[in-house]
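Survey of secondary and tertiary structure
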Amino acid sequence: MADRWNLVVIGAGPGGYEAAVEGAKKGMKVALVENRELGGTCLNRGCIPTKTILHTAELYHELQAGPSIGLRTEQAAVDMDLVQKRKEEVLKQLRAGIAALMKTNKITVYDGTGTIVDRCHVSVRPESGGPVLLETDHILIATGSVPACPPIPGADLPGVVTSDGLLDKKDMFGHLIIIGGGVIGMEFASIYSSLGHPVTIIEALDRILPGMDKEIAQNLKMILKKRDTDIHTGARVEEILRDEDGKGLICRFVEKDKVCEARADGILIATGRRAYTGGLISEESSQEIRDMAMERGRIVTDGNQETSVPGIYAIGDVTGGVQLAHAATAQGRSAVAHMAGEEVSIRLDIVPSCVYTSPEIGCVGITADEAKEKGISVITRKYLMSANGKSLLSQQERGFIKVVADSETQCILGAQMMCARATDMISQFAAAIVNGLTLEDMAKVIFPHPTFSEGILEAVRL
Ligand code: FAD
Ligand code: NAD
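Residues numbered from 1 in each chain as written. Chains lettered and ligands numbered in written order. Predicted model: local features only at pLDDT ≥ 70, side-chain atom pairs only at ≥ 80, totals over all residues. Heavy atoms only, no water.

Rules: UniProt positions are given in the numbering used here, feature names are shortened, and annotations may be inferred rather than shown by experiment.
The name given to the protein in an unreviewed UniProt entry is Dihydrolipoyl dehydrogenase, with the source organism recorded as Enterocloster hominis. Taken directly from UniProt, the Sequence similarities (unreviewed entry) text for the protein runs: "Belongs to the class-I pyridine nucleotide-disulfide oxidoreductase family." Recorded under Catalytic activity (unreviewed entry), the UniProt text for the protein is reproduced unchanged: "N(6)-[(R)-dihydrolipoyl]-L-lysyl-[protein] + NAD(+) = N(6)-[(R)-lipoyl]-L-lysyl-[protein] + NADH + H(+)".

Here it is in structure tokens:
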């Protein structure tokens, strides 16, 4: 006999486990199926481990300015064993927190691979022992994503890794080549360059962080160059080879029709991530499940996160689109609200995106260029953080806050920030956009002094 549930969630990343809690809070009997660790990519191989290492790397970098701020720091050194140990402790503590959260909310966690049999049944295959059949009213797919590697000859050589491999590495590569100048590439470039390791970035498009405001990419390029980072854009990687003495690696690429070579001890491939559906659908799945609408490997959903099969929802990285932890969580909450027949109130179209470089980057809504492409007439206000007291006293690198507002209504449509704490402060603009605030509305607020956030007030008042 199958166990009976109101909701079975497959995948315990930030999308899946948060949706499970949301379901339980609405009175649903919920089962959560996971075949690796609780917390998914975000906690185990993504957001948290990268930012934990970045924290150490940035402190180390800041210490280099010691004498100029009255600190004697000649003895400062990095101990990678301790850095890794601390990272593992942080992950362990957060995983335990999720396990406790599941217990408090009476969510049953099944350890195994979930396969959808039909609209109402999920089979769970544990690593050992026979399968368990779960009967349910609703199914939520939250199986996430894995690194996508282009077919580059030599990509399987030892020393060529994805972010998973680089995060697990006990020591650091002396010189690192990063293929892909996107978000993952920039965060690892920040870690390596902050710790004093040379980095070479090879990006196919004409600028790093191609999805973001041009000025952000230009500024970041300048900052990274000062930190011994070599950046090649508009570059096509041809192959990866072992070097002559068999210890290092050579990356051969074409830039402006010229064949170039970069040499390093290790290569990170950070060229995007693809939706993961391994084990989710198999021969035991009904025809309806096998026919579920997919597009280039990702599961297609409607505005309520429902797939082409009624009662089955999908959220997060497996659906493609913005692959961010907070987007997965918001989609999960929305999907559960729809299952419960409630009005969905979360604005899923306004997703702040952040890059944890130094200085940090935070963006939300549209850029001035995007507004132009869409034929929207906008005004842009830009405040340079070099005039902000907190930035100056804490020796922050050059930074700015840009606000894009509708030229007629003055309603805020977007913001791009590149400055200290941008990743925390961007939510103020997200709140402004979601609630239709104008520049004047935001300027009514008193901002405390001295703070980085005063820059927001200056930008909207300009
Ligand atoms: P995931 O977190 O990928 O979780 C899916 C889970 O499903 C996994 O645990 C997997 O084992 C499990 N699973 C898969 N198939 C099955 C099955 N059939 N049965 C049972 N279990 C299954 N995002 C941010 O917002 N901020 C950041 O700072 C950030 N940093 C990142 C840094 C790196 C290096 C990487 C790689 C990603 C980062 N991301 C960040 C992206 C973020 O990690 C993802 O967007 C987020 O984890 C997606 O959540 P999810 O719930 O959709 O899937
Ligand atoms: P990405 O899409 O951000 O960047 C990939 C980059 O690789 C692009 O600039 C692309 O032009 C380039 N590229 C693709 N093929 C190439 C090739 N053959 N040669 C050279 N360059 C090539 O993807 P990512 O950096 O791998 O990150 C994956 C996802 O993880 C992102 O979509 C992001 O949402 C998420 N993530 C978020 C954060 C964060 O929120 N701070 C941090 C890390 C990852």
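**Examining the UniProt feature "domain: FAD/NAD(P)-binding" (unreviewed entry) in the protein**
Test applied: Helix numbering and strand numbering both begin at the N terminus, where a helix is a DSSP run of H or I of at least 4 residues and a strand a DSSP run of E of at least 2.
In this structure's numbering, the residues bearing the UniProt feature "domain: FAD/NAD(P)-binding" (unreviewed entry) are residues 6–332. Regarding residues 6–332, the helix share stands at 31% and the strand share at 27%, and the terminal C-alpha atoms are separated by 15 Å.

**Re the site of ligand 1**
Under the convention used in this document: A single heavy atom is enough: if one lies within 4 Å of a molecule or strand, its residue is considered near that molecule or strand. A 3.5 Å cut-off defines polar contacts: any pair of N or O atoms within that distance qualifies, except that in protein one atom must be a possible hydrogen donor and the other a possible acceptor, and neighbouring residues in sequence count only when both atoms are side-chain atoms. Reported accessibility uses the Shrake-Rupley method at a 1.4 Å probe radius. Residues are deemed covered only where the shown protein chains occlude them.
Around ligand 1 sit 40 residues, and of these E34, T41, K51, G114 and D317 come closest. Residue N35 places a side-chain N or O atom 3.2 Å away from an oxygen atom belonging to ligand 1. At a separation of 2.6 Å, an oxygen atom of ligand 1 approaches a polar side-chain atom of T41. Compared with its free state, where it exposes 1000 Å², ligand 1 has 95% of that area covered by protein. It is helix α2 (residues 40–45) that contributes the most residues to the shell around ligand 1, four residues altogether.

**Concerning helix α9 (residues 325–339)**
For clarity, the cut-off: By definition here, a helix of n residues has an expected span of 1.5 Å times n minus one. Per-residue accessibility, obtained with a 1.4 Å probe over protein chains only, is compared with the maximum for each type, and a residue is labelled buried under 20%, exposed over 50%, and partly exposed between these values. Throughout, a contact is declared for two residues whenever any of their heavy atoms are within 4.5 Å.
The terminal C-alpha atoms of α9, which comprises 15 residues, lie 21 Å apart, in line with the 21 Å expected from a rise of 1.5 Å per residue. Burial within α9 is extensive, with 11 of its 15 residues counted as buried. All buried positions along α9 are accounted for by A327, A328, T329, A330, Q331, G332, S334, A335, V336, A337 and M339. The secondary structure elements touched by the buried residues of α9 are β1 (3–10), α1 (16–25), β6 (132–141) and β19 (312–314). Downstream of α9 by one or two residues, G341 has phi in the positive range, about 75°.

**Remarks on the site of ligand 2**
For clarity, the cut-off: For this classification, the nonpolar set comprises Ala, Val, Leu, Ile, Met, Phe, Trp, Tyr, Cys and Pro, the charged set comprises Asp, Glu, Lys and Arg, and every other residue, Gly included, is treated as polar.
Around ligand 2, 20 residues are found, and the nearest of them are E187, E203, G272, Q323 and C354. I184 has a polar backbone atom sitting 2.9 Å from an oxygen atom of ligand 2. Measuring from a nitrogen atom of ligand 2, one finds a side-chain N or O atom of E187 at 2.8 Å. If ligand 2 stood free it would expose 840 Å²; the protein chains cover 76% of that surface. Ranked by residues supplied to the shell around ligand 2, first place goes to helix α6 (residues 183–194) with three residues. Here the shell around ligand 2 is built from residues that sort into 12 nonpolar, five polar and three charged.

**Points about the sheet that holds strand β24 (residues 412–418)**
Filter applied, for reference: The pairing criterion is simple: DSSP has to find at least two bridges between the two strands. Between the N-to-C directions of two axes lies an angle of 0 to 180 degrees, each axis being a line fitted to C-alpha atoms and, for a helix, fitted only over the stretch in contact.
With antiparallel pairing, five strands are arranged side by side in an open sheet as β20-β21-β24-β23-β22. The two strands at the open ends of the sheet, each matched to only one other strand, are β20 (353–355) and β22 (378–384). On average, each strand axis in the sheet is tilted by 10° relative to the strand beside it, whichever way the strands run. Strand direction decides the pairing type here: β22 and strand β23 (residues 400–406), joined by seven bridges, are antiparallel. Paired with R381 across the strands is V403, a residue of β23. Along the sheet face, helix α7 (residues 214–226) touches β21 (361–365), β22, β23 and β24 and points at about 5° away from the line of β24. Taken strand by strand, helix α12 (residues 422–434) contacts β20, β21, β23 and β24, and its axis lies near 175° from that of β24.

**As for the UniProt feature "domain: Pyridine nucleotide-disulphide oxidoreductase dimerisation" (unreviewed entry) in the protein**
The sites that carry the UniProt feature "domain: Pyridine nucleotide-disulphide oxidoreductase dimerisation" (unreviewed entry) are, in the present numbering, residues 351–459. Across residues 351–459 one finds 32% helix and 27% strand; the C-alpha atoms that close the span lie 21 Å apart.

**Focus: the domain arrangement of the protein**
Counted only if it meets this: All domain edges in this entry derive from an automatic or database-based domain assignment. Once two parts are joined, some of their accessible surface, as seen by a 1.4 Å probe, is lost; buried area is that loss totalled over both. Should a side-chain nitrogen of Lys or Arg be within 4 Å of a carboxyl oxygen of Asp or Glu, the pair is scored as a salt bridge.
On domain assignment, one finds that the protein holds domain 1 (3–147 + 274–339), domain 2 (160–271) and domain 3 (359–461). Between the C-alpha centres of domain 2 and domain 3 the distance comes to 30 Å. Facing the 12 residues of domain 2 at the interface are 13 residues of domain 3. Here domain 2 packs against domain 3, burying approximately 1100 Å² in sum over the two surfaces, 57% of which is carbon and sulfur. Run the count over domain 2 and domain 3 and you get four salt bridges. Of the charged contacts, one joins D369 and K214 as a salt bridge, the two residues approaching to 3.7 Å between their closest N and O atoms. Our enumeration of links across domain 2 and domain 3 arrives at three residue pairs in polar contact (both at pLDDT 80 or more). Per-class residue counts for the side of domain 2 that touches domain 3 are six nonpolar, one polar and five charged.

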